[in-house]
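Given next are the chains, with one letter for each unit.
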Amino acid sequence: MSAAVRQWRGFAAATRLGWEISSNWTRPLMFVIYSVLRPLSAAFILVVIYRFISGGTAGTSAYLAFLVTGVAFWSFVQYGLAGLSNGMVEDRGEYKMLKYVYTSPAHFYVYLLGRGLAQLGSAVASTFIVLVVATVALRLPIDPLRVNYPLLLVASFVALLAVIGIAMAYGLVLLQARDAHGYGELGAEVLYVISGAIFPISVLPGVLATIASLSPLVYWMELIRRSLLGSQAIRMFPALSDADVLLRLLVTTAATLILAHLVFGWADRTARRKGLIDMETNW
Amino acid sequence: MSHPSALRIFLKTVVARAYPRFVSSYRNKTWIITETLLPLIGTIAIIYVYKALHAPSRYLGFVVLGGVLLAFWQNVIWAMATNFFWDRAAGNLEVFAMAPTSMAAILVGMALGGAYVSGTRAAFILIVTSILFGVTYTAAGILPAVGVFLLTLAALYCLGMMLASLFLFYSREAWHLADAMQEPIYFLSGFYFPVRSLGAFLAGAGSLIPLTLGLDAMRQFVLPGTPAFIPAAWEVLALVGQTLLYGVLSQVALRYLEQRARHDARLMLRSS
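Position labels on residues start from 1 in each chain and follow its written sequence. To read the labels, note that chains go from A and ligands from 1, taken in the order they are written. Residue-level local features of this predicted model are given only where pLDDT is at least 70; pairs of side-chain atoms are given and counted only at 80 or more, and the full residue set underlies all totals for whole chains, interfaces and linings.

**Q** Mind showing me how you'd approach the overall build of chain A here?
**A** Only DSSP runs of H or I reaching four residues or more are called helices, and only runs of E reaching two or more are called strands; each is numbered from the N terminus. On a plain count of helices and strands, chain A comes out with ten helices and zero strands. Starting at the N terminus and ending at the C terminus, chain A contains elements arranged as α-α-α-α-α-α-α-α-α-α. Oriented by its inertia axes, the alpha-carbon framework of chain A measures out at about 60 × 40 × 40 Å. In this scheme every C-beta is placed from the backbone, and a residue whose C-beta has 20 or more other C-beta atoms within 10 Å is buried, one with 12 or fewer is exposed, and one in between is partly exposed. Scored against the burial criterion, the 283 residues of chain A give a buried share of 50%. Whether two residues are in contact is decided by their C-beta atoms, placed from the backbone, lying within 7 Å. Put simply, 83% of the contacts in chain A that link residues at least 6 apart link residues at least 24 apart.

In structure tokens:
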């Protein structure tokens, strides 16, 4: 069997396994309902806050669209980062299979990509349903015929590489701890604050705003809104063109991937040296 | 040899079950971080939404109080409602069932320990966010608000005891159900906004959860000018009623579902 086929089979198995574990072998329809309830409710919390403060005045749909698009696409980070990094900890502690993954013919990166892809499947469903429901219910200015799909797809693809890179490195770092339960969600929550998902990063204090501007997720959020809402999008970077924002997304993603690779390598070496791959964690 | 009285066994069980939770409040440092930072960061994120919308600073108090009670709700879901589910997966539930004590005592112990742990986390969130964002409260309203808060906890943990029994009947889906009881409940209970904004129907439905009425009453006491859902006195009365109702229902549900679980051999079902 060629090396490519071996890697592909490992990738496919990891994707299937990732789906089964993340859905916890529940019925697909129930899983989708549960998965959609959370982001949909999160979006409506922000809608009510906005209506409460603005008093329901006319011409508020642009800001509502800012909030809803951020929450809808945040599912990718939630599932990608929290799901994948938690998955690595669970593979070791709960299922006690991380050592077998390490010793299998598929490269560890390939396995993690497969696990990550399964998480993204849930995220796509969640994002789509939240966008459709919110657009119809709130009459958001999103016209499917006018969406800049190439920009949306390119930006999302690049950003997701960054998310998976961060998740892989973060997940491996979490192996250093005996009990890292909940740390995946914690990582996603920190990024939530500094990614411009539900408010412009200009609201943050100086240092945090500077850190936020180094994150690829901020530029991804900006491009999502520009591609979905066009001229009606509230812009975090009004001085930058679409191409400029895309360039920043590419540069920050490249930097993130390099950093993630270095952290991954360090965490991997440390985990092997300290015998953390098959550590008993009393899950 | 004289046997200890039923009351003594009950109280000893309560203490024994609460003890690990008291100890875990400072021993398990990784949990301290997640239990404190998760609601704290979520609260800060919503505060920034209010700031981005140029909301008056007095509105930030809504969010802070919501964040404080959020720590308790997470505890009720993850450490009360789902606890028998985890206990079953770990093999503890069958031991509980064989022990010469009552499940009710175990649940009360879990509730007391859980309330203490969440209380320490909630105090941290209250202090940090109030200082960071300059939130002030009406001094005269603090004492009645503390009273409402304690009443809310009583009703909330009675609800948690009831959910613990119901969760015994979920297998793998319990995990997703618990997940789904987060943001939807934050929405219905008005954690981050006055629940009155939801309208009478939705806010009325949300009032089945004690946090909704407790939070609304506390806001009325310490944050004057809060749009009230119903007068605070009515909310206090409703909370007393909910405490009694959920307390009784939790015992009925526990007795019934424990029998069903024994009959269906669910006490030993591994389903994590």
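Read on, since the account is not over.
**Q** Quick question: what am I supposed to make of the overall build of chain B here?
**A** Counting its secondary structure elements, chain B contains twelve helices and zero strands. Going residue by residue from the N terminus, the α and β elements of chain B occur as α-α-α-α-α-α-α-α-α-α-α-α. Here the globule rule reads 2.2 Å times residues to the power 0.38, and the radius of gyration is calculated from C-alpha atoms. Here the C-alpha atoms of chain B give a radius of gyration of 19 Å, agreeing with the 19 Å that 2.2 N^0.38 yields for 272 residues. Along the longest, intermediate and shortest principal axes, the C-alpha atoms of chain B span 65 × 40 × 40 Å. In chain B, the share of contacts with a sequence separation of at least 24, taken over all contacts with a separation of at least 6, comes to 82%.

**Q** Before we go on, may I ask you to explain helix α4 (residues 83–90) of chain B in this structure?
**A** Each turn of an α-helix holds 3.6 residues, which means side chains three or four residues apart point in the same direction. Listed in full, the buried residues belonging to α4 of chain B are Asn83, Phe84, Phe85 and Arg88 of chain B. Among the residues trailing α4 of chain B, glycine 91 of chain B stands out with phi positive, at a value near 90°.

**Q** It is not clear to me how the interface of chain A and chain B should be interpreted in this structure. Could you clarify?
**A** Buried accessible area, meaning the area lost when the parts come together, often serves as the stated size of an interface. Contact residues are listed per partner, giving 35 residues for chain A and 32 residues for chain B. Of all the secondary-structure elements, those providing two or more residues to the side of chain A that touches chain B are α2 (28–54) and α7 (183–193) of chain A. Gly is put with the polar residues, along with every residue not named as nonpolar or charged; the nonpolar set is Ala, Val, Leu, Ile, Met, Phe, Trp, Tyr, Cys and Pro, and the charged set is Asp, Glu, Lys and Arg. Residues that form the side of chain A that touches chain B fall into these classes: 26 nonpolar, four polar and five charged.

**Q** Explain the environment of alanine 42 of chain A here, please?
**A** Residues and elements named next belong to chain A. Relative to the assigned elements, alanine 42 resides in helix α2. On the neighbour-count criterion, alanine 42 (27 C-beta atoms within 10 Å) is buried. In sequence terms alanine 42 and leucine 160 are 118 residues apart; their C-alpha atoms lie 21 Å from each other.

**Q** What should I look at first to understand the nonpolar core in this one?
**A** All names here are of chain A. Nonpolar core, as used here: buried Ala, Val, Leu, Ile, Met, Phe, Trp, Tyr and Cys residues forming one set through C-beta atoms within 7 Å. In this structure, Ala43 and Val71 are the most contacted members of the largest nonpolar core, which totals 184 residues. If you tally residues by element for this core, the top one is helix α3 (residues 61–93), at 17 residues. In contact with alanine 43, not counting residues within four places along its chain, are Val68, Val71, Ala72, Val130 and Ala134.

**Q** Mind showing me how you'd approach the packing of α3 of chain A against helix α9 (residues 216–229) of chain A here?
**A** The relative placement of two packed helices is expressed as an angle between their axes plus a distance between the axes. Residue and element names in this part refer to chain A. As a packed pair, α3 and α9 sit with axes 10 Å apart at the nearest point and diverge in direction by 125°. Between α3 and α9, the crossing angle belongs to the class labelled oblique. Like other packed secondary-structure pairs, α3 and α9 cross with a definite hand, here right-handed. Side by side, α3 and α9 meet where Ala65, Phe66, Thr69, Gly70, Phe73 and Val77 of the first sit next to Leu217, Met221, Ile224, Arg225, Leu228 and Leu229 of the second. The angle between two axes is taken between their N-to-C directions and runs from 0 to 180 degrees, where each axis is a line fitted to C-alpha atoms and a helix contributes only its stretch in contact. For classification purposes, an angle smaller than 35 degrees is called roughly parallel, one larger than 145 roughly antiparallel, one from 65 to 115 roughly perpendicular, and anything else oblique. Crossing handedness is read from the near helix: turned anticlockwise from the far helix by less than a right angle, it gives a left-handed crossing, and turned clockwise, a right-handed one.

**Q** Hey, could you run me through the environment of glycine 67 of chain B in this one?
**A** Residue and element names in this part refer to chain B. You can see glycine 67 is positioned in helix α3 (residues 60–81). C-alpha separation for the pair glycine 67 and glycine 91, spaced 24 residues apart in sequence, amounts to 34 Å. With sequence-adjacent residues up to four places away left out, glycine 67 is seen in contact with Pro39, Leu40, Gly42, Thr43, Ile125 and Thr129.

**Q** Would you explain the packing of α3 of chain B against helix α7 (residues 139–167) of chain B in this entry?
**A** All names here are of chain B. Contact geometry for α3 and α7: axes closest at 8 Å, N-to-C directions at 30°. Put simply, α3 runs roughly parallel to α7. Judged by the twist between their axes, the crossing of α3 over α7 is right-handed. On the side of α3, the interface is formed by Phe72, Val76, Met80 and Ala81, while α7 contributes Leu153, Leu156, Tyr157, Gly160, Met161, Leu163, Ala164 and Phe167. Tallied by class, residues from the contact of α3 with α7 come to eleven nonpolar, one polar and no charged.

**Q** Help me out: how do you make sense of the confidence of the model for chain B in this one?
**A** Regions with low pLDDT carry predicted coordinates that are not meant to be interpreted in detail. All names here are of chain B. Considering every residue of chain B, the mean pLDDT works out to 87; 96% of them sit at 70 or more. Ranking the helices and strands of chain B by mean pLDDT puts helix α11 (residues 210–222) first, with 95, and helix α8 (residues 173–180) last, with 76. For this predicted complex, the interface confidence reaches an ipTM of 0.87, while the overall pTM sits at 0.87. Note: pLDDT gives the predictor's confidence per residue, expressed from 0 to 100.

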